[in-house]
Amino acid sequence: MGQYPDSRGHFGPYGGKFVPETLMHPLEELEEAYLEARRDPGFQTELDRLLRDYSGRPTPLSRADRLSGQLGGARVYLKREDLNHTGAHKINNCLGQGLLAKRMGKERVIAETGAGQHGVATATVCALLDLECEVYMGEEDMRRQELNVFRMRLLGARVHGVSSGSQTLKDAINEAIRDWVTNVRSTYYLIGSVLSAHPYPMMVRDFQAVIGREAREQILEREGRLPHTLVACVGGGSNAIGLFHAFLEDETVAMVGVEAGGRGSNLGEHAARFSGGKPGILQGTYSYVLQDEDGQIANTHSISAGLDYASVGPEHAFLRDQGRIRYTSATDEETLEALHLLSRTEGIVSALESAHAVAEVMRLAPRLREEDLLVVNLSGRGDKDVQTVAAADSG
Amino acid sequence: MTRIGKMFDQARQQGRGAFIPYVTLGDPDLETSGRVVLELEAAGADLIELGVPFSDPLADGPVIQRATERALARGFTLEQGLALVADLRRRTQVPLLLFSYYNPLFAYGFERLAAAAKQRGIDGFLITDLSVEEADGPLQVLRGAGLDSVFLAAPTSTDERIRKIAAYSSGFIYAVSRTGVTGARKSLSDEVQSLIQKIRSQTSLPVAVGFGVSEPDHLRQVWSQAEGAVVGSAIVGCIERNLGQPDLAERVGGFARWLKGGC
Ligand SMILES: Cc1ncc(COP(=O)(O)O)c(C=O)c1O
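All values derive from a computational prediction rather than experimental measurement.

Student: Outline the pairing of strand β9 (residues 229–233) of chain A, supporting the account with residue identities and numerical values.
Tutor: Here is the key point about a regular strand: its side chains alternate between the two faces of the sheet. All names here are of chain A. Burial runs high along β9: 5 of the 5 residues are buried. Alignment of β9 against strand β10 (residues 254–262), held across 5 bridges, turns out to be parallel. Its bridge partner being in β10, leucine 230 is matched across the sheet by methionine 255. Each parallel crossover has a hand, and for β9 linked through helix α11 (residues 238–244) to β10 it is right-handed. Sheet topology note: the β9/strand β14 (residues 373–378) ladder contains 3 bridges and is parallel. Within the sheet, the bridge partner assigned to valine 231 lies in β14 and is valine 376.

Okay, here's the thing in structure tokens:
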């Protein structure tokens, strides 16, 4: 498929750099520092050490026999990103960017967070690397992911509630960018997904690609063949591209990205950008965007804060148009059902985000043959969501 | 040459700096924002920036964010904004610069918008989140329509970037006085002087300074170094303080006279 993005950060027509001029040179500096670090074996060695000794990588690839038995059809494997330190894949990226921030001599790190997993991972890495940390989080998300707010504060981070807009991830990103544009000389913006202006989508993908490199090796070792299909949920798209990337050249491997279907198909009821959105420019990049006819960004809804966002990483938009990845969605209701099924069959309470991927597995596995292998990215654990699930079950 | 270039030529000949206020279209409602524009012209505005509200104004501080919310809450659409521009053009020849984020303009259809805007009497565009790197296509459209393209230069811009910004700009260059979002400030930053010098070394285009300019002293300070002073949040803040007043537009006009004249 060639090398993407191009030198200007474009994935086909998507991606690029759509930010105020004040941020343009800082983005150039960031790209230069990152490319230099990527070539530096010392940087890679240090990152590998932290991924191993601190986060616990490689994460296991668990064969989910009881789930497979219940569904019938394909044999399901779970890539256990939930077993990372801090409980989600987000730390892969935070360790990489945290080391980069240090290397660039920045003392202050800011981040946005939706589900709080990226905020927790950022606060964790900042504690470890002795960096000052401030996290922007929508007030609606602070309510529904309260546990993670406590965790961030325990870790020494300052959490700023954002009360504008729908008080979710998009609004947190706006506030983080406003902070960055003001304090750009001293501050490193540690973005949590494959979003925003170049080089972020490329860099975050590179740091998350460890998921797929491990999974590919693990499945070949265990089964001696490649999987039939990979499944992952798509918020910004970092856990999905992280799993998919190492398999993109394997033409026989199908891939499915699962967006948040929310509670209905009308604008405002979901976060399914590929079925309900159209190309546009939001927060630094050109990709699919949920918007009204006037180009005003639509509100979104999902039971999971981490998927509740109006746009999606530009590389996903490109791979979708290429037909390389299929995108679908799972509703709140299907997601809850999947979370319960996985809990009872495998003894794993997953994050609501990841349960969207499991919901697609429930639809897909029965349609495949027994010898087909299905790998699903279990991007995070569900402790943060227990109260939301309990409330949904009782109401 | 558009009305913008002619205005700067004339101001230069008269040996004075240009006064460039900003208003958000549709704030607090379409009709009132139109009256504010006319009052600003009467108060001596040399060029007026018309903001097209966008739901996610990430380069703006709280004052302009709230103006955006007021306009969108009333159901502002770009089509209405263009109709207002056509109406204003029948009453005034003051240069008008459309100011926004890229998405609402892109969603309208950029080529269709450029043609419509020119026809209704807009003189140029400034798109905050359109970097020169992404501007080749839009620039061609603007030039094809006979519109000026104004780009931002920032304190963080390198000489190389400023060279490109100058090549892509017509009408004037907008120098951002400091790193940060829009918003009134007590004093102007010292960064702006070196930025103006960097711009001068690359181009003879007029330079207007904005971000934080909010008091008569600031305007005089800016005019001693640059061809124009942009006042955004201070004007919008004046609109906000006078919400609900029947003579809101006249009060904004009075505020503009005070800013410009310092008395
Ligand atoms: C556990 C988990 N999975 C998935 C996501 C969605 O992000 P992405 O699509 O970047 O993987 C989040 C985001 O907060 C998350 O916490």
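Student: Give a detailed account of the sheet that holds strand β3 (residues 61–63) of chain A, specifying residues and quantitative values.
Tutor: Residue and element names in this part refer to chain A. Taken in spatial order, the 6 strands line up as β3-β4-β14-β9-β10-β13 in an open sheet, and their pairing is mixed. Here the strands that pair on one side only, and so sit at the sheet edges, are β3 and β13 (326–331). Pairs of neighbouring strands in the sheet enclose a mean axial angle of 30 degrees, with direction left out of account. Relative to β14, strand β4 (residues 75–80) is paired through 6 bridges, and the arrangement is parallel. Looking across to β14, one finds that leucine 78 is bridged to valine 376. Those strands touched by helix α10 (residues 210–223) are β3, β4 and β14, and its axis lies near 140 degrees from that of β4. Sheet strands touched by helix α15 (residues 352–364): β4, β9, β10, β13 and β14. Its angle to β9, the strand with the most contacts, is close to 145 degrees.

Student: Tell me about the packing of aromatic side chains, and please be specific about residues and values.
Tutor: Any two aromatic rings considered together are summarised by their centre-to-centre distance and by the angle between their planes. In this structure the tally under the stated criterion is 22 aromatic pairs over all chains. Ring plane angle 70 degrees and centroid distance 6.3 Å describe the contact between tryptophan 180 of chain A and tyrosine 200 of chain A, whose orientation is recorded as edge-to-face. You can see tryptophan 180 of chain A sitting in helix α8 (residues 169–182) and its partner tyrosine 200 of chain A sitting in helix α9 (residues 200–208), a full 20 residues away along the chain. In this structure tyrosine 200 of chain A comes out as buried when scored by relative accessible area, which is 1%. Aromatic rings pair up to connect Tyr14, Phe18, Phe274, Tyr286, Tyr288 and Tyr327 of chain A together with Tyr102, Phe106, Phe110 and Phe125 of chain B into one cluster. The ring of tyrosine 108 of chain B carries arginine 112 of chain B above its face, with NZ or CZ at 4.1 Å from the centroid.

Student: Could you give an account of the side chain of aspartate 308 of chain A, naming the residues involved and the relevant values?
Tutor: Secondary-structure assignment places aspartate 308 of chain A in the loop between β12 (284–289) and α13 (314–321). Here threonine 300 of chain A takes part through its side chain, which lies 2.6 Å from a polar atom of the side chain of aspartate 308 of chain A.

Thresholds applied
- Along each chain, numbering runs from 1 in the same order as the chain's sequence is written.
- As a convention, the first chain written is A and the first ligand written is 1, with the rest following in written order.
- Totals for whole chains, interfaces and linings use every residue, but because this is a predicted model, local features are given only for residues with pLDDT of at least 70 and side-chain atom pairs only at 80 or more, for both listing and counting.
- Here the side-chain values reflect all heavy atoms present in the structure, with hydrogen atoms and water set aside.
- The cut-offs for exposure are 20% and 50% of the maximum accessible area for each residue type, with area from a 1.4 Å probe on protein chains only; residues under the lower value are buried, those over the upper are exposed, and the others partly exposed.
- Comment: elements are numbered from the N terminus, with helices defined as DSSP H or I runs of at least four residues and strands as E runs of at least two.
- At least two DSSP bridges between two strands are required for those strands to pair.
- Handedness of a crossover is defined as follows: with both strands directed away from the viewer, a clockwise route from the first strand across the helix to the second makes it right-handed.
- With axes taken as lines fitted to C-alpha atoms, and helix axes fitted only over the stretch in contact, angles between N-to-C directions fall between 0 and 180 degrees.
- Any two residues whose heavy atoms approach within 4.5 Å at even a single point are treated as in contact.
- Pairing of aromatic rings covers Phe, Tyr and Trp, the last counted by its six-membered ring, and requires centre-to-centre distances within 6.5 Å; plane angles under 30 degrees mean stacked, over 60 mean edge-to-face, and any other angle means tilted.
- Whether a charge lies above a ring is judged from NZ of Lys or CZ of Arg, which has to be within 6 Å of the ring centre and within 35 degrees of the ring normal.
- Polar contacts, as counted here, are pairs of nitrogen or oxygen atoms within 3.5 Å of one another; within protein the pair requires one atom able to donate a hydrogen and one able to accept it, and residues that are adjacent in sequence qualify only if both atoms are side-chain atoms.

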